[in-house]
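Summary of the model geometry
Here is what each chain is made of, one letter per residue.
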There are 2 protein chains.
Amino acid sequence: MLQLSTPAALLDLTRLRRNIETMQSRMTVLGVKLRPHVKTSKCLEVVLRQIAAGASGITVSTLKEAEQFFAAGISDILYAVGMAAVKLPQVRALRDQGCDLKIIVDSVEAAQAIVDFGREHRHIFEVWLELDTDGHRAGLKPDGDELIAVGRTLHEGGMVLGGVMTHAGASYELNTPEALAAMAEQERSRCVLAAERLRAATLPCPNVSVGSTPTALSAKHLEGVTEVRAGVYVFHDLVMTNIGVASMDDVALSVLTTVIGHQKEKGWALVDAGWMAMSRDRGTQKQTHDYGYGQVCDLNCVPVDGYIVEGANQEHGIIARVGGIDGDIAKRFPVGTQLRILPNHACATAAQFPEYVALDSAKDVVTWPRFGGW
Amino acid sequence: MLQLSTPAALLDLTRLRRNIETMQSRMTVLGVKLRPHVKTSKCLEVVLRQIAAGASGITVSTLKEAEQFFAAGISDILYAVGMAAVKLPQVRALRDQGCDLKIIVDSVEAAQAIVDFGREHRHIFEVWLELDTDGHRAGLKPDGDELIAVGRTLHEGGMVLGGVMTHAGASYELNTPEALAAMAEQERSRCVLAAERLRAATLPCPNVSVGSTPTALSAKHLEGVTEVRAGVYVFHDLVMTNIGVASMDDVALSVLTTVIGHQKEKGWALVDAGWMAMSRDRGTQKQTHDYGYGQVCDLNCVPVDGYIVEGANQEHGIIARVGGIDGDIAKRFPVGTQLRILPNHACATAAQFPEYVALDSAKDVVTWPRFGGW
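Residues numbered from 1 in each chain as written. Chains lettered and ligands numbered in written order. Predicted model: local features only at pLDDT ≥ 70, side-chain atom pairs only at ≥ 80, totals over all residues.

With that settled, consider the interface of chain A and chain B. Every contact between the two is made by 49 residues of chain A and, on the other side, 49 residues of chain B. Secondary-structure elements contributing two or more residues to the side of chain A that touches chain B are helix 5 (108–120), strand 10 (253–263), helix 10 (275–278) and helix 12 (346–350) of chain A. With 4 residues, strand 10 of chain A is the largest single contributor of residues to the side of chain A that touches chain B. For the side of chain A that touches chain B, the per-class residue count stands at 22 nonpolar, 18 polar and 9 charged. (Contact = placed C-beta atoms within 7 Å. Helix = DSSP H or I, 4+ residues; strand = E, 2+ residues; numbered from the N terminus. Nonpolar A, V, L, I, M, F, W, Y, C, P; charged D, E, K, R; others polar.)

In structure tokens form, the structure reads like this:
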């Protein structure tokens, strides 16, 4: 490990494998397909492991992800961000190459833009309807009139109406099993309601897609649902431990860093993992346990209780003890010490790195590239 | 502009040129060299313009920056993050190729590690001493005993003692010309004091290097200083407008985004610039004016007063009016509208993109690559 330059994004392959298996077997038991959201890893090596474990297709957050994973042989792709007409030529190019790329909308205007483009270019897009089941972001109301209007616009406009999808992002604000199970049921029942209303209006709705990591890991049943989407479970992070759907032993992503100095009277150890490495994500700030910019662990990824990355500049992290100055910080973490930091939000921290350093239990080290951009 | 896929990082070349000229001419008047910090842009096209305008060498925050810019012909480089011994082979390799790369330390332990490595590998490193002139991060006390001890360790250990350097990052917490000028004077006087103490102890100290964008733009004089380092001035951002050293018309970096939907009753317009594009940096949160994740502007980069990116998910931004729901948001910003968002922190937002789209006044569009990683 000491040969690695820092900062580096480490992946614990034992934990990664366990996270993938836990989610996949849960979905199998619940009788639904799993369509993992690859925005977390943006890494072919990770996604191939999810597919090998039983995943069925992928979810992407950018068309670049669609392009990269399609080039690697994955065809069944849902682009889960509301479609902007300016990107339709890119979607069409992928579909013309044989990519089964599905897009989403949540308004008549956006649906009409797809219909117009499709007619002009003689292309039939497959479009799913985005639903708002928790008030946290985008989507049509499951019980509203616009749902049927958008479905009709697409269907009568000659597009394939592929189904409905929703993401209960509000689950990130919860932290009890009961509240999470209730949110999962809300996500499920409202999504199924929308599907039933479309069908009652003689519109097709073959796919009913729900998901977020917290609700996927908390749902009691998924009647009427055909597939679940989840992303961050593959790595997990401190936000997930605060929500209560993971423990620190599940967090597969950590940032390797080196101690470069101290401010002894302040109890600070300075490390070379700043916000450029950890990201500026402060997802645990409003949760029960605020980890600053991350939880300090030793080289075996065992948490050093009470020590967090309290502050961050671009290439400097400040490690300190929570709740009181450690006057012996320079002895505890001498210059040159290497540490591993668990991130608040794995999607954000991973995005800061061009590659992962994957470690298996035999301590073999391999590099897995990841990509960024759009 | 409508041909561009979104999100995209736009650079206004007129503003960029003006920012470069303003800082360079100020430094010329103050009689010091300017060593720009290239961590903001990580882009050769930008840095070549800074050098053409008169900059003397560069400052880097990672060894990758040193490698990339040295490969492009820039040799005089200061690596302004405390040296970790694990990186010395990389520094030595660059110096062996002819790169005049200087490193920094702020402790006897780190200095001794450099001396030990240098002796073992028969290499003489040039080392500068990092000073703490404002209590915000790393560095030796200018009036402390350790300053002399570290200098002596290096000098007697056979290394080149190149000078002292400091960065008054605490200037980011100020917002009046008087307080900023006082901080600039504190940064200058304490750095000069350290240089004088080293010289009085018969240790060499040819370079006296200070800098941050706010202090560089606020210093009344720089007696005893040989060079200034500053980074974000090249793009400027909303943090700098809140500090008072830039206006919105100076901000050269913006994120082009497309409206993808609405939640009309909440007054939200959803755009395809989320935190993956803007970064999670909330630098204006504690300042006088909190811009959320950024200030909304029209396609000519004219601010739309009162509209900010209020919230952000990975690939979704939520635009809303500050202080009251805009019931007509869907008419104001219809689906498909393209907008430009000024960032809180240019270094963080730029880091989310693999390239800039540079726009000159003739509306010509060229792509300038930037790099990330370590």
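There is more to say, and it comes next.
All names here are of chain A. Parsing chain A into structural domains produces domain 1 (14–233) and domain 2 (248–369). Between the C-alpha centres of domain 1 and domain 2 there is a distance of 33 Å. Of the residues lining the interface, 12 residues belong to domain 1; the matching set on domain 2 comes to 11 residues. The dominant element in the side of domain 1 that touches domain 2, judged by the number of residues it contributes, is helix 1 (residues 13–30), at 4 residues. (Domains from an automatic or database assignment.)

Turning to the sheet that holds strand 4 (residues 76–82) of chain B, a few remarks are in order. Residue and element names in this part refer to chain B. Read from one edge to the other, the open sheet built from 8 strands follows the order 2-9-8-7-6-5-4-3, with strand pairing classed as parallel. The two strands at the open ends of the sheet, each matched to only one other strand, are strand 2 (33–34) and strand 3 (58–60). Sheet analysis places strand 8 (residues 207–210) next to strand 9 (residues 227–228), joined by 2 bridges and oriented parallel. Note that in strand 9 the partner of Val210 across the bridge is Val228. Lying over the sheet, helix 7 (residues 177–200) contacts strand 6 (126–131), strand 7 (160–166) and strand 8, oriented at roughly 155° with respect to strand 8. (Pairing = 2+ DSSP bridges. Axes fitted to C-alpha atoms, helices over the stretch in contact; angles between N-to-C directions.)

Another point: the confidence of the model for chain A. Averaged over chain A, the pLDDT score is 97; the fraction of residues at 70 or greater is 99%. Interface predicted TM-score (ipTM) for the complex: 0.96; the corresponding pTM is 0.97. (pLDDT = per-residue confidence, 0-100.)

This next bit is on the relation of the copies chain A and chain B. Two copies of a chain can be linked by a rotation about an axis combined with a shift along that same axis. Of the transformation placing chain A onto chain B, the axial shift is 0.0 Å and the rotation is 180°, giving an RMSD of 0.0 Å. In short, the pair behaves as if placed about a two-fold rotation axis. Residue Arg280 of chain A, judged by its C-alpha, is the member of chain A lying nearest the rotation axis, at 2.5 Å. Both copies contact each other with a shared surface, as 100% of the interface residues of chain A are interface residues in chain B too. (Least-squares fit on C-alpha atoms with pLDDT ≥ 70 in both.)

Time to look at the packing of helix 6 (residues 145–156) of chain B against helix 7 of chain B. All names here are of chain B. Packing of helix 6 against helix 7 leaves a shortest axis separation of 10 Å and a crossing angle of 55°. For the element pair helix 6 / helix 7, the angle class is oblique. For the crossing formed where helix 6 meets helix 7, the hand is right-handed. The segment helix 6 lies against helix 7, with Leu147, Ile148 and Gly151 engaging Ala194, Arg197 and Leu198. Looking at the contact of helix 6 with helix 7 residue by residue, the classes come out as 4 nonpolar, 1 polar and 1 charged. (Parallel < 35°, antiparallel > 145°, perpendicular 65-115°, else oblique. Left-handed = near helix turned anticlockwise from the far one by under 90°.)

On to helix 7 of chain B, then. Residues and elements named next belong to chain B. A rise of 1.5 Å per residue sets the reference length of helix 7, with its 24 residues, at 34 Å; its end C-alpha atoms lie 34 Å apart and thus fit the reference within 8%. Regarding helix 7, the residues found buried are Leu180, Met183, Ala184, Glu187, Arg188, Arg190, Cys191, Ala194, Ala195 and Leu198. Those residues of helix 7 that are buried are in contact with strand 6, helix 6, strand 7, strand 8 and helix 8 (213–216). After helix 7 finishes, the residue Thr202 shows a positive phi value of roughly 60°. (Expected span 1.5 Å × (residues − 1). Buried ≥ 20, exposed ≤ 12 C-beta atoms within 10 Å, placed from the backbone.)

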